[in-house]
Amino acid sequence: MIGALKALSTTLKTLLRRPVTVQYPQRHLPLQPRYMGFPGLIWDAKVGESACTGCMACARVCPTECIVVTMKDNPLFKEGRSPRRKIVDQYELDIANCILCSLCVEVCNFDAIVMTDVHELAAPARSQFLIDRETLHHWGTDYVQRMRARGIEPTTGAPPWERPGYKRPQASASRQAGTSPEGGEAEPAAAPKEG
Ligand code: SF4
Ligand code: SF4
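From a predicted model like this one, the values you see are computed outputs, not experimental measurements.

As for the overall build of the protein chain
Then step 1. Helix and strand counts for the protein chain stand at six helices and seven strands.
Then step 2. Put simply, the protein chain has 195 residues, and 21% of those count as buried.
Then step 3. Across the protein chain, contacts joining residues at least 24 apart in sequence account for 69% of those joining residues at least 6 apart.

Overview of the nonpolar core
Then step 1. Among the nonpolar cores identified, the biggest contains 27 residues, and Cys52, Cys108, Ala112 and Ile113 are the most heavily contacted of them.
Then step 2. Mapped onto this core, the elements with two or more residues apiece are helix H2 (57-61), strand E4 (67-73), strand E5 (86-94), helix H4 (103-107), strand E6 (113-115) and helix H5 (133-149).
Then step 3. Among residues more than four places away in sequence, those in contact with Cys52 are Leu41, Val88, Tyr91, Phe110, Ala112 and Ile113.

Notes on the site of ligand 2
Then step 1. Residues in contact with ligand 2 amount to 14 residues; listed here are only the nearest, Cys62, Cys98, Cys101, Leu103 and Cys104.
Then step 2. When its residues are assigned to classes, the shell around ligand 2 shows twelve nonpolar, two polar and no charged.

What to know about the site of ligand 1
Then step 1. Near ligand 1 there are 14 residues, and of these Cys52, Cys55, Ala57, Cys58 and Cys108 occur at the shortest range.
Then step 2. Classifying every residue of the shell around ligand 1 by side-chain character gives twelve nonpolar, two polar and no charged.

Quick word on the pairing of E5
Then step 1. Two elements, E4 and E5, share six bridges in a ladder whose sense is antiparallel. Across the sheet, residue Ile67 finds its bridge partner in E5, namely Leu93.

Concerning H5
Then step 1. With 17 residues, H5 extends 24 Å from end C-alpha to end C-alpha; this agrees with the ideal 24 Å at 1.5 Å per step.
Then step 2. At the exit of H5 stands Gly151, carrying a positive phi of roughly 80°.

Here's the deal with the sheet that holds E5
Across a sheet, strands are paired by hydrogen bonds formed along the backbone, either parallel or antiparallel in direction.
Then step 1. Taken together, the three strands give an open sheet; going across it, the order is E4-E5-E7, and neighbouring strands pair in antiparallel fashion. Of all the strands in the sheet, the pair left with one neighbour each is E4 and strand E7 (130-131).

Details of helix H1 (residues 2-16)
Then step 1. Taking 1.5 Å per residue as the helical rise, H1 with its 15 residues ought to reach 21 Å, and the 21 Å between its terminal C-alpha atoms agrees with that figure.
Then step 2. Buried residues are scarce in H1, accounting for zero of its 15 residues.

Regarding unusual backbone geometry
Then step 1. In this structure, Pro25 follows Tyr24 across a cis peptide bond, with omega equal to 5°.
Then step 2. Mapped onto the elements, Pro25 comes out in the loop between H1 and strand E1 (39-41).
Then step 3. A positive phi angle is found at Met56, which is not glycine, with a value near 75°.
Then step 4. With respect to the element layout, Met56 can be found in the loop between strand E3 (49-50) and H2.
Then step 5. Given 14 C-beta atoms within a 10 Å radius, Met56 is considered partly exposed.
Then step 6. Its identity is not glycine, yet Leu100 carries a phi of approximately 60°, on the positive side.

What counts, and at which threshold
- Residues numbered from 1 in each chain as written.
- Chains lettered and ligands numbered in written order.
- Predicted model: local features only at pLDDT ≥ 70, side-chain atom pairs only at ≥ 80, totals over all residues.
- Helix = DSSP H or I, 4+ residues; strand = E, 2+ residues; numbered from the N terminus.
- Buried ≥ 20, exposed ≤ 12 C-beta atoms within 10 Å, placed from the backbone.
- Contact = placed C-beta atoms within 7 Å.
- Core = buried A, V, L, I, M, F, W, Y, C linked by C-beta atoms within 7 Å.
- Near = placed C-beta within 6 Å.
- Nonpolar A, V, L, I, M, F, W, Y, C, P; charged D, E, K, R; others polar.
- Pairing = 2+ DSSP bridges.
- Expected span 1.5 Å × (residues − 1).

Next up, the structure:
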């Protein structure tokens, strides 16, 4: 009898509780600030060109080989208006094969790619999953602007100690001695960026 009453009270409590789900796709719950969707490219507004040099490091590291990228000589470099000797020519991302692993972002030496929050891209044809350079720049630029408006600096491939506002953690006794508690190496010195 007591068990039945307990079960009944649980049912009544559940009936009165507000639902945690919504009627998708009519309604969307807000994304978490660090939600990771597909990658997008960074646009260097100061120079007026892509931050991507077309170095192909992202294409080489991508485990699903879903990036195709080519580079060309940068005419703005010859005019002395850009620090980039080479610039991206073609960039294509096959989002049907992208597994959102973020390796392309981590490997980029030029902070030219970022994991955006773009994720709802269902389409009837596989050809619509091939995303071109212009669209990737649009995703990246839009994402960076929206995040900065919320006071969040988007995470590109730069290591933490090179990011704006990084505060060095309090060094422990073992780190001050040059070793980590696990016996590994201490944090590496910041590597100079190419550009
Ligand atoms: S996004 Fe970065 S790693 Fe990929 S081609 Fe451009 S510069 Fe190289
Ligand atoms: S997130 Fe991973 S799978 Fe997707 S393009 Fe980057 S490296 Fe490739």
